[in-house]
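Architecture at a glance
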Amino acid sequence: MADKTYDYDLFVIGGGSGGVRAARLAALTGAKVAVAEEYRMGGTCVIRGCVPKKFMVYASGYGKHIKHAKGYGWSVGDVSYDHEVFATAMHAEVDRLSGIYHRNLVNAGVEVFEERAEFVDATTLRLKTSGKTVTARKILIAVGGRPWVPSSDELPGVEHTITSNEIFDLETLPKHLVIAGGGYIAVEFAHVFAGLGVKTCLVYRGDTVLRGFDEDVRTAVHEGLKEAGVRVITQTVFEKIEDTGNGDLPLRIQLKNGHHLDADVIMMAVGRRPTTDTLGCEAAGVALDKNGAVIVDEWSRTNVPSVWAVGDVTDRVALTPVAIREGHAFADTEFYDKPWHFDHTDIATAVFTQPEVGTVGMTEAEARKAFGTVDIYKTRFRPMKNMLNGDANRVLMKLVVKADDERVLGVHIVGDDAAEMIQAVGIAIKMGATKLDFDRTCALHPSVAEELVTMRQKWVPEVAS
């Protein structure tokens, strides 16, 4: 089915999860497909995101598990953590996964270019390293995003900081890690390093972390950070950073509130931006929003008929599974004559704090704004596992229910294995389950998850006297 008018039927810019899915599926139809990736195949998720981060979460959690084992009769001798051993194993697995991505593309018949591609016009691309120019009937932008950091004018000394890209390459553990930010990346890494025994401090401009999440979830995570030993400083930001060259903590952070912190590693986790500044989108006439995201419709089409975009570069929902589904929908629609587009509502998500967050659907605030009256069911309890191990963390479970028809609009969990629970719950929410459907589901005992189907009492907010 190759179109001889062009070098390729499809050219994908970016070798992350969304782009690779689209390229493989398109190539299996007999289309001539190519992918250009300037760094390593696998994208943010595999190389410097979800996968290595989750390995770090696991590594961090083992320290707590060993400590808690005593309550269950296990005697543990001298315990130590070797970051070099862990990091070597982690990077080996990342390399293996990246190789699989590359191999699967080649096996599907996709031509792979290990260099950056830039637009010349709406159907022409220039490969940056080789200088080769290619044309394509369809072009898919799937370059993802990258950490944003302020300029040196905005934050003097910012060059002394690292981001979530470099955090995986630390050869030794910091003595004092200071993290700027209060989003999911910031709180996840704060837990990771605190769990590895690192003195950890988080500085956030707001009053409670995880802006945009349900308020009860935010409060539970904020409290969990402090329970984990993370020092949380709120309502201030970095003013400047200086390298004093003094001892083990050479970096001094001056805060806007007049105080200062000394550290040896500073991580900026204050947001991400789409990676479009080197694509030459203006040459193709592709429209971008004020943050550089590619503007697309529900079918992932840009304003240019020959160009589509999927994944984080569109700044719709920055999650790997979403990029994969968007890429799959694009390939089915454009190459299989099976048109469909991804529905971005009710996506189950997780934050890998310790304990972790699982959430799907609307927050309480969103539901009240959309529907007015809603019913809230929630509980906080110490799980059975923690009764013997000394862990003081409590589980939060919350249902947000539409008052008139009892449809469950949102489910929010903070607790161990919340991510595993919320994936299954997400099916029910997507199907439009009601509170009655939850109530008539038999509980699985003893489990934490049984609380999802045993909450009967509506929560009534306390009224100040």
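In what follows, the accompanying structure is described. (Residues numbered from 1 in each chain as written. Predicted model: local features only at pLDDT ≥ 70, side-chain atom pairs only at ≥ 80, totals over all residues. Heavy atoms only, no water.)

Concerning the pairing of strand S12 (residues 251-255)
- The alternating pattern of S12 places Leu251, Ile253 and Leu255 on a buried face and Arg252 and Gln254 on a face that is not buried.
- Across 5 bridges, strand S11 (residues 238-243) lies against S12 in antiparallel orientation. Along S12, the bridge assignment pairs Glu242 with Arg252.
- Where S12 lies against strand S13 (residues 260-263), 4 bridges are found, and the strand directions are antiparallel. When the bridges of S13 are listed, Leu251 appears paired with Ala263.
- Between S12 and S13, which follow one another and run antiparallel, lie 4 residues, and Gly258 among them has a positive phi close to 95°. (Buried < 20%, exposed > 50% of the residue type's maximum accessible area, 1.4 Å probe, protein only. Helix = DSSP H or I, 4+ residues; strand = E, 2+ residues; numbered from the N terminus. Pairing = 2+ DSSP bridges.)

A few points about the pattern of salt bridges
- For the coordinates displayed, the defined rule picks out 26 salt bridges.
- One salt bridge connects Asp95 with Arg40, and the closest N-O pair in it is separated by 2.3 Å. Residue Asp95 is found in helix H4 (residues 83-107), and its partner Arg40 is found in the loop between strand S2 (33-36) and helix H2 (43-48); the two are separated by 55 residues along the sequence.
- Asp95 sits in the partly exposed class, given a relative accessible area of 43%.
- Owing to a relative accessible area of 27%, Arg40 belongs among the partly exposed residues under this scheme.
- With a shortest N-O distance of 2.9 Å, Lys138 and Glu334 are connected by a salt bridge. A residue pair is termed long-range when its members are at least 10 positions apart, and Lys138 in strand S6 (residues 133-141) and Glu334 in helix H8 (residues 320-335) qualify at 196 residues. (Salt bridge = Lys/Arg side-chain N within 4 Å of Asp/Glu carboxyl O.)

Quick notes on a nonpolar patch on the surface
- A cluster of nonpolar side chains, namely Tyr58, Tyr62, Ile66, Tyr72, Trp74, Val76, Val79, Met387 and Leu388, defines an oily patch on the protein surface of about 990 Å² accessible area.
- When residues of the nonpolar patch are traced back to their parent elements, those giving at least two are helix H3 (50-69) and helix H10 (386-389).
- The dominant element in the nonpolar patch, judged by the number of residues it contributes, is H3, at 3 residues.
- Tracing the chain through its elements places Tyr58 in helix H3.
- Residue class for Tyr58 comes out partly exposed when judged on its relative accessible area of 46%. (Patch = residues over 30% accessible without salt bridge, like charges linked within 9 Å, V, L, I, M, F, W, Y side chains within 5 Å. Areas by Shrake-Rupley, 256 points an atom, 1.4 Å probe, with all protein chains shown as cover.)

What about the environment of Gly61?
- Position of Gly61 among the secondary structure elements: in helix H3.
- When its relative accessible area of 6% is taken as the criterion, Gly61 is described as buried.

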